[in-house]
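# Structural overview for review
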Amino acid sequence: MEVKTFSVWDYVVFAALFIISSGIGVFFAIKERKKATSREFLVGGRQMSFGPVALSLTASFMSAVTILGTPADVYRFGASFSVFFIAYTFVVIFTSELFLPVFYRSGITSTYEYLQLRFSKPVRYAATVIYIVQTILYTGVVVYAPALALNQVTGFDLWGSVFATGIVCTFYCTLGGLKAVVWTDAFQMVVMVVGFLTVLVQGSIHAGGLHNVLEHSANGSRLNIFDFDIDPLRRHTFWTISVGGTFTWLGIYGVNQSTIQRCISCKTEKHAKLALYFNLLGLWIILVCAVLSGLIMYSHFRDCDPWTSGIISAPDQLMPYFVMEIFATMPGLPGLFVACAFSGTLSTVAASINALATVTFEDFVKCWFPHLSDKLSTWISKGLCLLFGMICTSMAVAASLLGGVIQAALSIHGMCGGPMLGLFSLGILFPFVNWKGALGGILTGITLSFWVAIGAFIYPAPASKTWPLPLSTDQCAPSNVTEVVSPGMSNRPAIAETWYSLSYLYYSAVGWLGCMAAGVIISCITGFQSGRDVPPLLIRPVCNLFCFWSKKYRTLCWCGVQHGSGTEQENLEQGSTWKPGAEPVLQNGLGRESLVHVPGYAPKDKSHDSMVVEKITHF
């Protein structure tokens, strides 16, 4: 493969991204040096406004894997990927209206802190460990995969970019904390959009206009967006993307520490919800840019596909190769696109490092050492950022040894996200589920989702289910590349044609259903949790939507939780203390914590502010 090299201006543009990102970390380290508390460092003092948080959420949601992978997916399979427009909408609505109010009002810093309040310490620790392992693995791959793709196409130094990414992210996370992460993400979001727009404009010019792009795409069957086939084995249909995609992204978005941590850093619940909804606009913009980039790329390569002709070795190299072609005579612009791709990497890695430091500090350090001073807590938090930065960078090195397992590692997020979503759904929606049901549910969900995903990796689904669209090499120059014959489909067990051929977007749904079913059944066998022992703030009474006409049926569906007592709303409006009777929330735990203050309620804004939640540890 011919490797196109960067010019000096490309390196200048790319280096500017790292310098500005580092500079933001230094700025907040100096600006916030007198506010040296772990609360300031980990959640920005809970005084962030919705604008930068919305940009930060979008930037970290769209990693470099998305920037390089989505256009390639559209190029190969068509624009059906745009149906994620629906999935993203449901994800944001469920997150802001179902999960966020519970997390925000309970005043927690780690989402897994909720699991102890609702269930027990063992459930909290199990979920935290799963999250840490999942995030480290995913973050390592997010760093390595785009670096490899760019290296093989542009000649951009592989390990230089890997270590530069790890060092810069660790640097500004350790110095500036969450505020540095949020504002750096906001800057990187702008870089991502500008990078995409330059590709769209120049690509359209090369194709002779957007109307030519759409005409070529239609002729190549790339615009068949809506396929209403209900077969769950088909890779992408309207149902797999809208339903399965919702479960997949809700699992790694709605109850994910990285997302919720930035939402609860907002000054009020209203700002947190606005951040999520404005973030949705950002998701739509990135999705449209990525889909259009894929269609423009198909229009450009419609007569000579560089992948099947052997010019490049993997689909994720399509976008970098395309950029190097259309910007061949425009120094600096290839560097802008690489900056765009690495903005996605930096934002994802930085958010992961900060979230890992937060859950480790809140779920382990503070539980074991509850009387740490503010100064020592801040230094420990910074040390954890440094530690996880080094671990994630090391994981990128390990990812280089995984070969074909990288694709499997990328699906780990979805495989863990579904069971985790099920666990929080059990806690928030079903007051009668006890801690044994919760623990059994998460283990069952993890087992099922890993079973189907690993089986699919060993026995890939047949082409009849993935349906890649035809690619042409008619106009390619003759090459010496030998066509690789795909391995035969013989010796496949019967289960490989059904269970293992399930669309990858349903992995999270499988984990969610398994966790929910096991949690309810185990709770039924071991004895239901008494609703009177569950504080109303930890439950979201969605049954009110379906039983709005009858107070009797609403009360019945509350399962004994005192939603109608008036105490909850009075406490919120008056900002008064909330003291659960005899600590029933943690009756199954080893150590006990009680919430003494509920975040205050602002009647004027009809929103909750971010009052500090005090905690008392009982021995």
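Nothing here was measured: the structure is a model prediction, and the numbers come from that model. (Residues numbered from 1 in each chain as written. Predicted model: local features only at pLDDT ≥ 70, side-chain atom pairs only at ≥ 80, totals over all residues. Heavy atoms only, no water.)

### Things to note about the overall build of the protein chain
The line we're drawing: Where helices and strands are cited, they refer to DSSP runs of H or I of at least four residues and of E of at least two residues respectively, numbered from the N terminus. Note on definitions: a residue-residue contact is assigned when non-hydrogen atoms from the two residues lie within 4.5 Å.
Helix and strand content of the protein chain: 23 helices and four strands. For the protein chain, restricting intrachain contacts to residue pairs at least 6 apart in sequence, the fraction spanning at least 24 positions comes to 85%.

### Quick notes on the environment of Cys173
So the rule is basically this: Burial classes: relative accessible area under 20% of the type maximum marks a residue as buried, over 50% as exposed, and values in between as partly exposed (1.4 Å probe, protein chains only).
Topologically, Cys173 is positioned in helix 8 (residues 158-207). Residue classification places Cys173 among the buried residues on the basis of a relative accessible area of 0%. The spatial distance from the C-alpha of Cys173 to the C-alpha of Gly25 is 6.8 Å, given a sequence separation of 148 residues.

### Comments concerning the pattern of salt bridges
Note the threshold: Salt bridges are defined as contacts in which a side-chain nitrogen from Lys or Arg sits within 4 Å of a carboxyl oxygen from Asp or Glu.
All told, the structure shown has eight salt bridges when counted by the stated rule. Lys273 is the salt-bridge partner of Glu97, the closest N and O atoms lying 3.3 Å from each other. Here Lys273 lies in helix 12 (residues 269-301) and Glu97 lies in helix 5 (residues 84-105), a separation of 176 residues in the sequence. Given the relative accessible area of 32%, Glu97 is considered partly exposed. By relative accessible area, which is 19% here, Lys273 ends up buried. For Glu269, the salt bridge identified is with Lys273, shortest N-O distance 3.7 Å. Residue Glu269 and its partner Lys273 are located together in helix 12, separated by four residues, close to a single helical turn. Take Glu269 and Lys273: they sit in the same class, and that class is buried. Residues joined by salt bridges that share partners form a network here, namely Glu97, Arg105, Glu269 and Lys273.

### Some words on a nonpolar patch on the surface
Quick reminder of the rule: Like-charged residues within 9 Å of one another, or nonpolar side chains (Val, Leu, Ile, Met, Phe, Trp, Tyr) within 5 Å, are grouped into patches, provided each residue has over 30% relative accessible area and no salt bridge. Computed with the Shrake-Rupley method and a 1.4 Å probe, the accessible areas treat only the protein chains shown as cover for residues.
A contiguous nonpolar patch, built from Phe226, Phe228, Ile230, Trp239 and Val243 and spanning about 540 Å² of accessible area, is present on the exposed surface. Tracing the backbone through its elements, the reader meets Phe226 in the loop between helix 9 (210-219) and helix 10 (238-251). Relative accessible area serves as the criterion here: at 55%, Phe226 is assigned to the exposed category.

### Digging into the confidence of the model for the protein chain
Put simply, the test is: What pLDDT expresses is the predictor's confidence in each residue, scored from 0 to 100.
Considering every residue of the protein chain, the mean pLDDT works out to 78; 79% of them sit at 70 or more. The spread of mean pLDDT over the elements of the protein chain runs between strand 4 (residues 615-618), the lowest at 37, and helix 20 (residues 507-526), the highest at 94. The low-confidence segment residues 403-409, where pLDDT is below 50, has eight contacts with residues more than four positions distant or belonging to other chains. This stretch, residues 484-488, has a pLDDT under 50; its non-local contacts, to residues over four places away or in other chains, come to zero contacts.

### Digging into unusual backbone geometry
We note that Ser221 has phi near 65°; this positive angle belongs to a residue other than glycine. By the element assignment, Ser221 lies in the loop between helix 9 and helix 10. Assessed through its relative accessible area of 33%, Ser221 is described here as partly exposed.

### Some details on the packing of helix 5 against helix 12
Cut-off, in case you're wondering: An axis is simply a line fitted to the C-alpha atoms; with a helix, the fit covers only the stretch in contact. Between two such axes, the angle follows the N-to-C directions and lies from 0 to 180 degrees. Our angle categories are set so that under 35 degrees counts as roughly parallel, over 145 as roughly antiparallel, 65 to 115 as roughly perpendicular, and the remainder as oblique. A clockwise turn of the near helix away from the far one marks a right-handed crossing, whereas an anticlockwise turn of less than a right angle marks a left-handed crossing. Gly falls in the polar group here, along with every residue not listed as nonpolar (Ala, Val, Leu, Ile, Met, Phe, Trp, Tyr, Cys, Pro) or charged (Asp, Glu, Lys, Arg).
As a packed pair, helix 5 and helix 12 sit with axes 10 Å apart at the nearest point and diverge in direction by 165°. By the angle between their directions, the pair helix 5 and helix 12 is classed as roughly antiparallel. Considering only the axes of helix 5 and helix 12, their crossing is right-handed. Looking at side-chain class alone, the contact of helix 5 with helix 12 contains 15 nonpolar, four polar and four charged residues.

### Comments concerning helix 5
Which entries qualify depends on this criterion: For a helix, the expected span equals 1.5 Å multiplied by the residue count minus one. The bend at a residue is defined as the angle formed between two axes, one fitted to the seven residues ending at that residue and one fitted to the seven starting there.
Here helix 5 is 22 residues long and its end C-alpha atoms lie 30 Å apart, about the 32 Å a rise of 1.5 Å per residue gives. At Phe99, helix 5 shows its largest bend, some 45°, and a proline, Pro101, comes one to four positions later. Once helix 5 ends, the next one or two residues include Gly107, with phi positive near 70°.

### Regarding helix 13 (residues 318-326)
Burial analysis of helix 13 places eight of its nine residues in the buried class, which makes it a mostly covered element. Along helix 13, the residues classified as buried are Leu318, Met319, Pro320, Tyr321, Phe322, Val323, Met324 and Ile326.

### Focus on the environment of Cys340
Within the secondary structure, Cys340 sits in helix 14 (residues 333-368). Separated by 273 residues in the primary sequence, Cys340 and Ile67 place their C-alpha atoms 8.2 Å from one another. Beyond its immediate chain neighbours, meaning those up to four positions away, Cys340 contacts Ile67, Val191, Met192, Gly195 and Phe196.

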